[in-house]
Each structure stands twice: as C-alpha cells, then as structure tokens.
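Descriptive structure summary
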Amino acid sequence: MNASRKRLKDMAEKEYAYYSGCSLEGTAKEYDTSLRLVMETLGVKLAEIPDWSCCGSTPAHTVDHVFAAALAARNLAIIEKMNTHTVTVPCPSCLTVLKKAHIGMTTDESFKNEVNELLDEPYEGKVTAKSSLQVIYEDIGLEAIADRVTHALPDLKVVAYYGCILNRPPDVAQFDDPENPVAMDKVISALGVEVLDYAFKTECCGAAFGVPKRSMVNELTYKIISMAVDSGANCIAVACPLCQQNLDLRQEQVNRTMGASFNIPILYFTQIMGLAYGYSPEELGMDMLVVSADHLMRNRVPIAEYRAMKEAEAAAAKKPAKAKAIKEEPKEAEAAKTEEN
C-alpha cells in the first residue's frame, strides 16, 4: 500500500467534531454541503456536535470578553465530552473565536474560572480547533487529495484569496504563513487546476463594514477583484463565508460605483475540490452563486480522457519536430563537409 493510500486508510479511521457555525446553516449552505461531500470522499467522518450554539463571532467580544468567551467555551465543553478532542471549523470567524477562548482559558486561570462560572458544564481546555482547510492540507495531505481526482478542470484559472483572519493573528491561527499563505494554493494545485500568483491573498475585503461604510467596502472589493483579473484569473477561491458573500454579492454594486465590468465567480475551495471529484454543480450548491460559474465547467472531462488527450497532443507535437530534424540532417552534413574542405 503506497503512502497516500495508507494515509487515506488512516483518515477513514479518524473523525473530527464538526462545528459548522451559523453561516453554514443559512447563507453559506453551499460551503457546508461541498465540505461534507469532500470530507466523505477523502474518508473523513464529521461528527455532529449535539446542541451546539452560536459562538458569538464578532459582535459578542465588543460587549464583554468574558461573555464572548463563554459563548465559545460552551461549545468547546460539549466537544470535550465527545470521543474526539479535535474540532474542524470551516468559518474563520468562528475558528478565531473558539481558539481565542481556548487560549485565554488555558493560559489564565482567573479568566478560566470567570468563564466557567457562566457555563452549565466547565471547559477544561482539552479541545484543539483547526480550520477545515488546515485539516485537508495538513492531516489529509496533497498526495491523498490528488489520488481522489476523477475529473480535469482545464478551463479554470484560479487565484486563492484567504482573507484577513484565516491565518491571523499568527499566535492564534497557528497555521500557514500570515503574510503569504500557500495551503489553499497547494490544495487546488494538487487537483490539477491552474493556480496563479496573487498579491492580495490576505487583503481585507471589508465585509464586516458592508452596511455602515459601503463606499470603503466597494473600494476594497474593487481592488481585490481587479488584482485577480490582472493576474489572469477567471475565478477566485475562498474559504470564508463573509468574503464569499461580499465578493460575490457586491460585484454588480462595485461595477456601478467604480465603473468596472467584473463578472468573475467566487467559489469555495471545497466546490472546486468537489468538481474535481466528480460531483455535479447542483450537488455542490453552485446554483447559489450570484456570479455564475457555468462557463468554467463546460469542458470538465474525466481525468483518464483528459490525460489521453494531452498525451495525444504531446505526441502530435513531436512529429513535426522529428520531421524537421530529419529534413535538416542532409543540410547539416553538407555544411560540415564544406567546412572540412
């Protein structure tokens, strides 16, 4: 058994608690759907967290840090009683809140006691939270990801947009490079999809300020999409519900206010994985996109057929080169004879 298949076998025997968060239950349902299908394909079991609740996300900590930590710690305490002590979290906002609560309670005994006083069940600090991208990249690995590919996506030219909190702050995220992350790039490349260099990987899109500071957010969104287009991309891959909604929903508004003509699909990286694994666009929730990606999937072909096509193209390209070389041989021989004389 080769290393990648052994890794897949090992993963099939392991499960993660799965904290989907509120967004993936509603406006980012396609992220949840595509992630579940991808994890199933990779042999990973996602264990539902009984009676999970909202983590508080951004609003809670602006009111009270202890209360905010308690909202997150309530979920961590439930996970602690499950058979697994590792939870995978697709939403960067949820992940940050869970990790901050854990760090605060495991490094400050007084803070831990304050938070636990608000909980029915205390949290003892035994849960590790990882982003779903981190689990796929680090725990499953690139070889195993590539092994499951069934379809080629020759029309996709992708830039990976991580957003501003997936890898930050580094002492909380503890994953990838905070300034130049590469995990999503490598995961998508392992599928055989073309990934382009992108300078705005971690620039903020301003999603949280979409209502009070619309003009500012339009400018930030314009810069992010414009850089993607200038890089040669025809779609942007994301791992954050807020980023996806902002870049997808706001394109028409940006076009009106900034004089642009953007029409670039914003896909969750798990949707791209799902397409490479043979799932239909409908199964992956592609119909929920505001900016359609239908034109990028028209030439999706089974991987065996694609490889045969590329081999035939390579063989055909060699024939003229070989014929030219044969044709040039007499001329080269004549030139050499002339030089000798």
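The preceding data block contains the structure.
Computed from a predicted model, the values in this text were never measured in an experiment.

The next point concerns the packing of helix 2 (residues 29-41) against helix 7 (residues 132-140). Where helix 2 meets helix 7, the axes come as close as 12 Å, and the angle between the chain directions of the two elements is 15°. For the element pair helix 2 / helix 7, the angle class is roughly parallel. Seen from above, helix 2 lies across helix 7 with left-handed handedness. The segment helix 2 lies against helix 7, with L35, V38 and M39 engaging S132, V135, I136 and I140. Residue composition of the contact of helix 2 with helix 7, grouped by class: six nonpolar, one polar and no charged.

On to the sheet that holds strand 8 (residues 235-238), then. Taken in spatial order, the four strands make up an open sheet running 7-6-8-9, and their pairing is parallel. The strands lining the two open edges of the sheet, one partner per strand, are strand 7 (194-195) and strand 9 (266-268). Two strands pair when backbone bridges link them, and strand 6 (residues 157-160) and strand 7 are joined in this way by two bridges, in the parallel orientation. Bridged to V158 within strand 7 is V195. Where helix 12 (residues 241-249) meets the sheet, it contacts strand 8 and strand 9, and its direction lies at approximately 160° from that of strand 9.

Quick look at the sheet that holds strand 2 (residues 45-48) now. Taking strand neighbours across the sheet as the criterion, the four strands line up as 2-1-3-4 in an open arrangement whose pairing is parallel. One side of each edge strand has no neighbouring strand; the edge strands of this open sheet are strand 2 and strand 4 (128-131). For this sheet, the mean inter-axis angle between neighbouring strands, taken without regard to orientation, is 40°. Relative to strand 3 (residues 86-89), strand 1 (residues 15-18) runs parallel, the two being bridged by two bridges. When the bridges of strand 3 are listed, Y18 appears paired with T88. The strands that helix 5 (residues 92-107) touches are strand 3 and strand 4; relative to strand 4, the one it contacts most, it runs at about 160°.

In terms of nonpolar packing, the biggest core is built from 104 residues, with I136, I272 and M273 touching the most fellow members. Setting aside its immediate chain neighbours within four residues, I136 contacts L35, V38, M39, G141, I145, V187, F269 and M273.

This next bit is on the pattern of salt bridges. Counting across every chain of the model gives 13 salt bridges. Here K45 makes a salt bridge to E15, at a shortest N to O gap of 3.6 Å. Here the residue K45 occupies a position in strand 2, and E15 occupies one in strand 1, the gap between them amounting to 30 residues. Classification of E15 by relative accessible area gives partly exposed; the value is 26%. Among the ionic pairs, R74 bridges to D51, the shortest N-O distance being 2.6 Å. Residue R74 is found in helix 4 (residues 65-80), and its partner D51 is found in the loop between strand 2 and helix 3 (57-61); the two are separated by 23 residues along the sequence. For R74, a relative accessible area of 30% translates into the label partly exposed. One network of salt bridges, with partners in common, ties together K29, D32, R36 and E48.

Below, the discussion takes up helix 11 (residues 214-230). Spanning 17 residues, helix 11 covers 24 Å between terminal C-alpha atoms, matching the ideal 24 Å at 1.5 Å per step. Taken together, the buried residues of helix 11 touch strand 6, strand 8, helix 12 and helix 13 (251-258).

It is at 9 Å that the axes of helix 4 and helix 6 (residues 109-116) come closest, and there the two elements cross at 70°. Compared by their axis directions, helix 4 and helix 6 come out roughly perpendicular. Touching H65, V66, A69, A70 and A73 of helix 4 are F111, E114 and V115, all from helix 6. Counted by class, the contact of helix 4 with helix 6 contains six nonpolar, one polar and one charged residues.

Reading guide: rules and limits
Residues numbered from 1 in each chain as written. Predicted model: local features only at pLDDT ≥ 70, side-chain atom pairs only at ≥ 80, totals over all residues. Heavy atoms only, no water. Axes fitted to C-alpha atoms, helices over the stretch in contact; angles between N-to-C directions. Helix = DSSP H or I, 4+ residues; strand = E, 2+ residues; numbered from the N terminus. Parallel < 35°, antiparallel > 145°, perpendicular 65-115°, else oblique. Left-handed = near helix turned anticlockwise from the far one by under 90°. Contact = heavy atoms within 4.5 Å. Nonpolar A, V, L, I, M, F, W, Y, C, P; charged D, E, K, R; others polar. Pairing = 2+ DSSP bridges. Core = buried A, V, L, I, M, F, W, Y, C linked by side-chain atoms within 4.5 Å. Buried < 20%, exposed > 50% of the residue type's maximum accessible area, 1.4 Å probe, protein only. Salt bridge = Lys/Arg side-chain N within 4 Å of Asp/Glu carboxyl O. Expected span 1.5 Å × (residues − 1).

From the geometry alone we can't say anything about function, so treat these as descriptive.
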